[in-house]
Amino acid sequence: MRGKTISHLRPADTLNLAFLSFLILVTVFFHREIADPFSLIALYAGLIFLQILLIRNNDRGTFLKTAHDLLFPAACILLVFDSLERLVHYINPRDIDPLLIKLDYLLFNGYPTVMFENIMTPLLTDILQTAYSSYYFLPVILGIVLKIKGDNKAFDRSLFLIMLCFYLSYAGYLLMPAIGPRFTINHLHNRELEGLVITGPVQELLNRLEGIKRDAFPSGHTAIALTVVYLAWRFEKKLFAVFLPVTLALIVSTVYCRYHYVVDVIGGMTLTLITIVLGEKYYGYQTKHTDH
């Protein structure tokens, strides 16, 4: 990488290479259980190869710099997430939904997704489904704004923490797979989620894009959104004022729209704290080490 050692890479690059390598090792170790391990290994190895190319050439023009900083990280997160459908259930076939359902019941003496039916309206459903979908845009908006401002230090730190949160959540899915209340306790729901205009098409699109990933615990939507809110508070206060109410609605939507148990949301909040505490310490250590 043009003479660069791993210690001289930006933290986001080091993290990405490490997690892709980890997925290759997991796939090799469980290759007998996985339906098509070779395609997964090819995917992860291909992403590593592409990342190395971008690192070597990111100073050779605006497009390659943008690809390295923005396009590749976003594509890598999405492709790795999509690959989990071919990985999680094969290596860990026992879902933990029964435990999550029991914990929710113990906390609320009932099922929160069913309890939300008491306030359900088509307008509220559309609003909360829109808030739920904002998860896909919040990190991108923050990154673009920081790039436009030319605040590369804030961008690199934000990229690292967001990617760390994503990958920790993916590790959580591998260790604690769960498919969520819209599948497991759908028979307990007395009303369908019906919106005015937005809910139906958006749910159909998300179902096609996401499939069944066993990605309920911890709630990645909660963890990522809160991490972005934290970063906006640190680096872009105007965005923070917009992101905070959207994120609060998003957190409510995860349960209201039946994607998550409340315990998943608590797990997501905990993951945010872990990401910030450990991520900030590691980032400070690696950047200080690189500077010297």
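Going by the structure above, here's the rest.
Analysis parameters
- Residues numbered from 1 in each chain as written.
- Predicted model: local features only at pLDDT ≥ 70, side-chain atom pairs only at ≥ 80, totals over all residues.
- Heavy atoms only, no water.
- Helix = DSSP H or I, 4+ residues; strand = E, 2+ residues; numbered from the N terminus.
- Polar contact = N/O pair within 3.5 Å; in protein donor to acceptor, adjacent residues only side chain to side chain.
- Salt bridge = Lys/Arg side-chain N within 4 Å of Asp/Glu carboxyl O.
- Buried < 20%, exposed > 50% of the residue type's maximum accessible area, 1.4 Å probe, protein only.
- Expected span 1.5 Å × (residues − 1).
- Axes fitted to C-alpha atoms, helices over the stretch in contact; angles between N-to-C directions.
- Parallel < 35°, antiparallel > 145°, perpendicular 65-115°, else oblique.
- Contact = heavy atoms within 4.5 Å.
- Nonpolar A, V, L, I, M, F, W, Y, C, P; charged D, E, K, R; others polar.
- 1 Å grid on protein atoms, 1.4 Å probe; cavity = no way out; pocket = protein on both sides within 12 Å on 5 of 7 lines; lining within 4 Å.
- Points joined across faces, edges and corners; volume = space filled by probe spheres on them.
- Core = buried A, V, L, I, M, F, W, Y, C linked by side-chain atoms within 4.5 Å.

### Notes on the environment of Lys237
Among the secondary structure elements, Lys237 is positioned in helix α13 (residues 237-256). With 180 residues separating them in the primary sequence, Lys237 and Asn57 have C-alpha atoms 33 Å apart. Of note is the side chain of Lys237, whose polar atom sits 2.5 Å from the backbone oxygen of Trp233.

### Examining the pattern of salt bridges
Enumeration over the complete set of coordinates arrives at 10 salt bridges. Residue Asp69 pairs with Arg10 through a salt bridge whose shortest N-O separation is 3.1 Å. Residue Asp69 is found in helix α3 (residues 62-83), and its partner Arg10 is found in the segment before α1 (11-29); the two are separated by 59 residues along the sequence. Across the pair, exposure class does not vary: Asp69 and Arg10 are buried alike.

### Focus: α13
The terminal C-alpha atoms of α13, which comprises 20 residues, lie 29 Å apart, in line with the 28 Å expected from a rise of 1.5 Å per residue. Residues of α13 that are buried: Leu239, Phe243, Thr247, Leu250, Ile251, Ser253, Thr254, Val255 and Tyr256. Arg258 sits one or two residues past α13 and shows a positive phi near 70°.

### Digging into the packing of helix α8 (residues 138-149) against α13
It is the contact of α8 with α13, at a shortest axis distance of 12 Å, that shows an interaxial angle of 175°. The angle between α8 and α13 falls in the class roughly antiparallel. Only Leu239, Phe243 and Thr247 of α13 make contact with α8, whose side of the interface consists of Leu138, Ile141, Leu142 and Val145. For the contact of α8 with α13, a count of residues per class yields 6 nonpolar, 1 polar and no charged.

### Describing the layout of surface pockets
Space left empty within the atom packing is revealed by a probe, the size of a water molecule, rolled over the atoms. There is about 1000 Å³ of room inside the largest pocket. As for the largest pocket, its lining consists of 47 residues, and the residues nearest its centre are Ile77, Leu78, Tyr135, Tyr136 and Phe166. Counting residues per element, the ones that place at least two in the lining of the largest pocket are α3, α7 (122-133), α8, α9 (152-175), α10 (181-184), α11 (199-210) and α12 (220-235). Per element, the largest residue contribution to the lining of the largest pocket is 9 residues, and it comes from α3.

### A look at the nonpolar core
With 59 residues, the main nonpolar core has Val80, Leu87, Leu142, Phe166, Tyr167, Tyr170 and Phe243 as its most contacted residues. Ranked by residue count, the leading element in this core is α9, at 14 residues. Apart from the residues within four sequence positions on either side, Tyr167 is in contact with Leu15, Asn16, Phe19, Cys76, Ile77 and Val80. With 9 residues, the next largest nonpolar core counts Ile96, Phe217, Tyr261 and Val263 among its residues.

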